[in-house]
Amino acid sequence: VDAFQAWCGPCKPAVNLFQKIRHEVGRNLLHFAVAEVDSIDALEGYRGLCQPVFLFYTEGELVAVVRGLNAPLLRRTILEQL
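Every residue gets a number counted from 1 within its own chain, in the order that chain's sequence is written. Confidence filtering applies because this is a predicted model: local features only for residues at pLDDT of at least 70, side-chain atom pairs given and counted only at 80 or more, and all residues used for totals across whole chains, interfaces and linings. Side-chain metrics rest on all non-hydrogen atoms present in the structure, leaving aside hydrogens and water.

Under an unreviewed UniProt entry, the name given to the protein chain is TXND6 protein, and the organism recorded is Campylorhamphus procurvoides.

**Some words on the packing of aromatic side chains**
As a reminder of what qualifies: Centres within 6.5 Å make a pair out of two Phe, Tyr or Trp rings, where for Trp the six-membered ring is used; the pair is then stacked when the planes are under 30 degrees apart, edge-to-face when over 60, and tilted otherwise.
Taken as a whole, this structure holds two aromatic pairs when the rule is applied. An aromatic cluster is present here, built from Phe 18, Phe 32 and Phe 54 joined pairwise through their rings.

**Remarks on the pattern of salt bridges**
Formally: The salt bridge criterion pairs a side-chain nitrogen of Lys or Arg with a carboxyl oxygen of Asp or Glu, the two atoms within 4 Å. Each helix is a run of H or I in the DSSP string that is no shorter than four residues. Each strand is a run of E no shorter than two, and both are numbered from the N terminus. Under the scheme applied here, a residue whose accessible area is under 20% of the maximum for its type counts as buried, over 50% as exposed, and between as partly exposed, the area being computed with a 1.4 Å probe on protein chains only.
Overall, the coordinates contain two salt bridges when judged by the stated rule. Here Glu 24 makes a salt bridge to Arg 75, at a shortest N to O gap of 2.5 Å. Residue Glu 24 is located in helix α1 (residues 12-25), and its partner Arg 75 is located in helix α2 (residues 71-81); the two are separated by 51 residues in the primary sequence. For Arg 75, a relative accessible area of 29% puts it in the partly exposed group. One salt bridge in this structure joins Arg 47 and Asp 41, with 3.8 Å as the shortest N-O distance. According to the relative accessible area criterion, Arg 47 is partly exposed, its value standing at 29%.

Following this line, the structure appears as structure tokens:
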């Protein structure tokens, strides 16, 4: 989940990265979503940040958080969680 604030919007470069990885590993294994933290009370802890925050969930549980657009770290985190 790309957790973003309304003033900056979702991280567009991350979309391309996730689409590429999803194509490599299979469409059924990786799902990408965006969530505006300003309108979701459960994500209020991510408000006020000036960098992208990516939340990784497996079976409804938060399993990893990556702060900032660090493509190698995002890729490694995705592959480790899969």
